[in-house]
Protein chains: 2
Amino acid sequence: LLFIPLLPVMKVAIVGCGALGSYYGARLCRAGHETHFLLRSDYEAVRAHGVRVGGAAGDFVAHPHCARRPEEIGVCDWVIIGLKATANAAFPELLPPLVGAPTAVLTLQNGLGNEEALAALFPAEQILGGLCYVSLNRLAPGRIAHLAHGRIALGEFRRPPQPRTERLAGAFRQADVPCDVVPDLALAHWEKLVWNIPFNGLGTASCAGLAALQAGAAAKPGRHQACLTTDRLLADAGWSELVEQLMTEVRSVAAALGHVIPEEFARLQVRRTREMAAYRPSTLVDFEAGLPLELDALFREPQRQARAAGVVTPLLDRLCAVLAALAPATAK
Amino acid sequence: LLFIPLLPVMKVAIVGCGALGSYYGARLCRAGHETHFLLRSDYEAVRAHGVRVGGAAGDFVAHPHCARRPEEIGVCDWVIIGLKATANAAFPELLPPLVGAPTAVLTLQNGLGNEEALAALFPAEQILGGLCYVSLNRLAPGRIAHLAHGRIALGEFRRPPQPRTERLAGAFRQADVPCDVVPDLALAHWEKLVWNIPFNGLGTASCAGLAALQAGAAAKPGRHQACLTTDRLLADAGWSELVEQLMTEVRSVAAALGHVIPEEFARLQVRRTREMAAYRPSTLVDFEAGLPLELDALFREPQRQARAAGVVTPLLDRLCAVLAALAPATAK
């Protein structure tokens, strides 16, 4: 009896092994790919116990190869970046040892500007972007809770899908990760921002009073009253009006850049979010954990592109100002 | 059979007939005093239907005399001021026709500086201050909900209690208003600020994110998610630490001014507030109603006295800045 793999085994590196990188890396590892995790603080835990994923879709453990430095891994077929966008300055140090001429470099990071940061290091045609629709929690080093969803929308950087796009999507699907190839990655980014800018932004801006008052003192990690999850934003007349205004602003910027997003798309986002349980967007989770916020990728780069396109975004401008004031350490 | 009044009937004017003035005025009216309400927008309603007070202590209707201008009332034995402290600029227009040489002028207003504003118009020995511990709601013109409590702490402005202080306290008590005469009005003010500054201040500051984002648009009245009632402030580690820090700052200012407030007093305030139901401090109610906030009386005058006394109050300073930014219209 022969084991016939549906797809060839790839050498994969996961750079940025937080909840996101660990989850998708663990799935690819479990599907049989030669998977290398580039780790720092979690190195010992993952080497000893692997990555344990628990969740609705079933629990499993994966045992990826563990490395502390990219040179230990060497050139891969596929490099998947799960770093926070606030860590992109580390690209030149972390990525070149992993990337050769045939390597596909995929960023799964939030927001705008990540593919561009990769394009400063590698040829554009090696770069892909993936938009993750997933709800994860990192419980402890090497322990991930998979709460819901998991789909990736995968696209090529500044070009239409290629044969290898479908190949990589197929590898995800074989690893139990739903994956759609999108014809236009930039459009997909702006569609995701229609959700992220209001919910990540307002959910975090709702903590502004606390943050302003704690300034000076070290803000202590923890969940706080007055920091609003998605359900509470939508339960409130004032906040939900801001959600809708921001969605309209984001759609108007996207349209000026050639990405038409119908109003019905925004309405559907609101409707689906209303049906979801209380959800803490990643920026709120970062704020409550005392971590840097992905302000550039999620808010400032969209704002910059709005200005470049001559679109006025008064509410996004106020949101950026409120978020920048949240904590000096995150103002970057 | 003769009706023998326990106390002589007084001619009383109520200036500022919101929930506070209406409630205490209705009680004095019902007790038999010749009570005049100085009214503007509620004139027709109160003249037609009186003041209807509903609440735990029983419902009643009082029919005070109604006037639109102070000249219609003339000089009184007792003038009681229930105006918002933001309206003190109207004192010179509203009060002189009501005040003769023997008139007692009592302010029931929040915070510091109200007696001083009266002292610019009348001799200091005519002035009293009363601190109200009461939970009221104005439901409609002439309709007041009395939710809880009602005690007044009554004191003379810059002097110890006089025989007339006891007389006025007796009039309140006879009208079913618990009233204590306090030996030191300034101390009583600072004791009340130990509660008001944290709970009114932080409860309102918790709305800062929403207010900053709605700037430009007209903020719509209404209760909002993320605006914290007393129970939610105390349920949160971050916010309740700010409550305690503010109480410590207020006590340190009071001490520098000669008003020693023991730490146990502050602890008792927190404990009692924890035992209370969810409560919306007046400044939060004002914010949610789109009304001007009593920032000068409750926050800025205490801050000014702290600076004059050389006491540093970093958290009160940040709180004043956050509150001032809440809405341009309230920054005064």
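Computed from a predicted structure; not experimentally measured. (Residues numbered from 1 in each chain as written. Chains lettered and ligands numbered in written order. Predicted model: local features only at pLDDT ≥ 70, side-chain atom pairs only at ≥ 80, totals over all residues. Heavy atoms only, no water.)

Q: Any chance you could explain the overall build of chain A here in plain terms?
A: Each helix and strand counted, chain A has 14 helices and 10 strands in total. Scaling as 2.2 N^0.38, a compact globule of 332 residues should have a C-alpha radius of gyration of about 20 Å, and chain A matches this with 20 Å. With respect to the principal axes defined by its C-alpha atoms, chain A has extents near 65 × 45 × 35 Å. Evaluated residue by residue, chain A yields a buried proportion of 55% over its 332 residues. With an accessible surface of roughly 14000 Å², chain A has 57% of that area assigned to carbon and sulfur atoms. (Helix = DSSP H or I, 4+ residues; strand = E, 2+ residues; numbered from the N terminus. Rg over C-alpha atoms; globule rule 2.2 N^0.38 Å. Buried < 20%, exposed > 50% of the residue type's maximum accessible area, 1.4 Å probe, protein only. Areas by Shrake-Rupley, 256 points an atom, 1.4 Å probe, with all protein chains shown as cover.)

Q: Even after reading the chapter, I still don't get the interface of chain A and chain B, so can you show me in this structure?
A: Interfaces are often described in size by the accessible area the parts lose on coming together. On the chain B side, the residues contacting the 27 residues of chain A number 27 residues. Across the interface of chain A and chain B, roughly 2200 Å² is buried in total on both sides, 61% from carbon and sulfur atoms. Summed over the three residues of chain A that lose the most area to chain B, namely L213, Q225 and R318 of chain A, the buried surface amounts to 30% of that side. The interface formed by chain A and chain B holds 0 salt bridges in total. Linking chain A with chain B are 10 residue pairs in polar contact (both at pLDDT 80 or more). Residue classes in the side of chain A that touches chain B are distributed as 15 nonpolar, 6 polar and 6 charged. (Contact = heavy atoms within 4.5 Å. Buried area = accessible area lost by both parts, 1.4 Å probe. Salt bridge = Lys/Arg side-chain N within 4 Å of Asp/Glu carboxyl O. Polar contact = N/O pair within 3.5 Å; in protein donor to acceptor, adjacent residues only side chain to side chain. Nonpolar A, V, L, I, M, F, W, Y, C, P; charged D, E, K, R; others polar.)

Q: Got a minute to help me understand unusual backbone geometry in this structure?
A: What you tend to see is this: most non-glycine residues have negative phi, and most peptide bonds are trans. Residues and elements named next belong to chain B. A positive phi is found at R158, a non-glycine position, where the angle reads about 60°. Counting through the fold element by element, R158 comes out in the loop between β9 (143-156) and α6 (163-174). For A226, which is not a glycine, the phi torsion comes out positive at approximately 85°. Here A226 lies in the loop between α8 (208-214) and α9 (230-235).

Q: Would you mind going over the relation of the copies chain A and chain B with me for this structure?
A: Here the two chain copies are tied together by a rotation about an axis and a shift along that axis. The operation relating chain A to chain B is a screw motion whose rotation component is 180°, with 0.0 Å of axial translation and a residual RMSD of 0.0 Å. Put plainly, the chains are arranged around a two-fold axis. Across chain A, the smallest distance between a C-alpha and the rotation axis is recorded for A226 of chain A, namely 1.8 Å. Most of the interface of chain A is mirrored in chain B, where 100% of its interface residues again form contacts. (Least-squares fit on C-alpha atoms with pLDDT ≥ 70 in both.)

Q: Please explain the environment of V99 of chain A as it appears in this structure.
A: All names here are of chain A. Tracing the backbone shows V99 in the loop between α4 (91-94) and β7 (104-107). We classify V99 as buried; its relative accessible area is 13%. In this structure, the C-alpha to C-alpha distance between V99 and E264, residues 165 residues apart in sequence, is 41 Å. Ignoring anything within four residues of it in the chain, the contact list for V99 reads V75, V79, V105, F122 and Q126.

Q: Just to check I follow, could you spell out the nonpolar core for this structure?
A: Generally speaking, a soluble globular protein has its nonpolar side chains buried in company with each other. Core analysis: the largest hydrophobic core is formed by 90 residues, its most contacted members being L319 of chain A together with L319 of chain B. Among the nonpolar cores identified, the runner-up in size contains 40 residues, and V12, A19, Y24 and C132 of chain A belong to it. (Core = buried A, V, L, I, M, F, W, Y, C linked by side-chain atoms within 4.5 Å.)

Q: What is the right way to read the state of the cysteines from this model?
A: Such a bond, covalent and formed between the sulfur atoms of two cysteines, is termed a disulfide. A complete count under the given rule lists 2 disulfides over all chains for this structure. Bridging C207 of chain A to C227 of chain A, the disulfide has an S-S length of 2.3 Å. A residue pair is termed long-range when its members are at least 10 positions apart, and C207 of chain A in the loop between α7 (185-205) and α8 (208-214) and C227 of chain A in the loop between α8 and α9 (230-235) qualify at 20 residues. Exposure class is identical for C207 of chain A and C227 of chain A. Each is buried. Of all cysteine sulfurs in the structure, the one in C66 of chain A sits closest to C29 of chain A, which takes part in no disulfide; the separation is 9.2 Å. The thiol of C179 of chain B is not disulfide-bonded; the next cysteine sulfur, from C132 of chain B, is found 9.1 Å away. Residue classification places C179 of chain B among the buried residues on the basis of a relative accessible area of 3%. (Disulfide = S-S within 2.5 Å.)

Keep in mind these values describe shape, not function.
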